Amino acid sequence: MAYVYIPSARSSVGQVDLSGRGCAQSSTPKSHCAGSSPALVYWRKERQPDLIANTPADLDNLIGLDAERQLDPDRTLALYSDDDLICWADRGDPLAEYLRAARLIGATNTYRMDDPERLPRLVAAQPHLRAAATGRPCIGGLPRAARAFFGCGRGLAEAQFLVGECHLPDVGCPVDMDEAKRWLRRSADQDFTRAKITLNSLEDAKR
């Protein structure tokens, strides 16, 4: 059984803008960019408090239960200003690229399928998503448990799913089923449940 974060109704910090750079600046006064990474900030503020009371043996078990690993875009974006994300993305940080994509799409709608505005925004966010899907999210000395959570060296599973989804019919990117399946498999190999479900649906449709 995997724990899945459900995006909250809380709005993200800043206003969504398809350019990715025209967002209203967050009220967060401190820039996290200097000397850190968004993954480390996220781990310390959101994940570590949940795990701090557990023994090392318990920690391995909790990571297994949390195999979905899904970042809640609303909750995650609330930690950073737009300037933080641009700063980290310019340094090549994949989590920052994923969060910039989530802000473009509209954080609450990142994985929803019933919003007609989501699809063109998903297409517009593809450069950020591809950078997140291929980058290494573990810059900056993350602890072992955090490295397991983020799938270090494999790219962000969330971004891989969204890149693959965009190449399915009626989404907006050029339809390419081989490309879609390739990215979905990379995401599914990291236990991303949405990717597994989508791949199963594609296999069922062939029968």
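Residues numbered from 1 in each chain as written. Predicted model: local features only at pLDDT ≥ 70, side-chain atom pairs only at ≥ 80, totals over all residues. Heavy atoms only, no water.

Undergrad: Teacher, can you tell me more about the state of the cysteines here?
TA: Each disulfide consists of a covalent bond between the sulfur atoms of two cysteine residues. What the rule picks out here adds up to one disulfide. Disulfide pairing places Cys 166 opposite Cys 173 at an S-S distance of 2.0 Å. Note on the Cys 166 and Cys 173 pair: the S-S dihedral is about 75°, so by sign convention the disulfide is right-handed. Given a relative accessible area of 0%, Cys 166 falls into the buried group. (Disulfide = S-S within 2.5 Å. Buried < 20%, exposed > 50% of the residue type's maximum accessible area, 1.4 Å probe, protein only.)

Undergrad: What's the story with helix H11 (residues 193-206) in this structure? I'm lost.
TA: Residues spaced three or four apart along an α-helix point in a common direction, a consequence of the helix completing one turn every 3.6 residues. Its 14 residues place the ends of H11 20 Å apart at the C-alpha level, agreeing with the 20 Å of an ideal helix rising 1.5 Å per residue. Listing the buried residues of H11 in full gives Ala 195, Thr 198, Leu 199 and Leu 202. Viewed along the axis of H11, the buried residues span an arc of 100°, placing them on a single side of the element. Turning to H11, the residues buried within the fold contact helix H9 (157-166) and helix H10 (177-188). (Helix = DSSP H or I, 4+ residues; strand = E, 2+ residues; numbered from the N terminus. Expected span 1.5 Å × (residues − 1). Arc of directions from axis to C-beta. Contact = heavy atoms within 4.5 Å.)

Undergrad: Please explain the side chain of Gln 160 as it appears in this structure.
TA: If you trace the backbone, Gln 160 turns up in helix H9. The residues contacting Gln 160, other than those within four sequence positions of it, are Ala 133, Arg 154, Gly 155, Trp 183, Leu 184, Arg 186, Ser 187 and Gln 190.

Undergrad: How do you make sense of the pattern of salt bridges when you look at a structure like this?
TA: Oppositely charged side chains may form a pair once their charged atoms are brought near each other. This model, assessed by the stated rule, comprises five salt bridges. For the salt bridge of Glu 165 with Arg 118, the shortest nitrogen-to-oxygen distance reads 2.9 Å. In this pair, Glu 165 sits in helix H9 while Arg 118 sits in helix H6 (residues 118-124), placing the two residues 47 residues apart along the sequence. On the basis of relative accessible area, Glu 165 is assigned to the buried category, the value being 5%. (Salt bridge = Lys/Arg side-chain N within 4 Å of Asp/Glu carboxyl O.)

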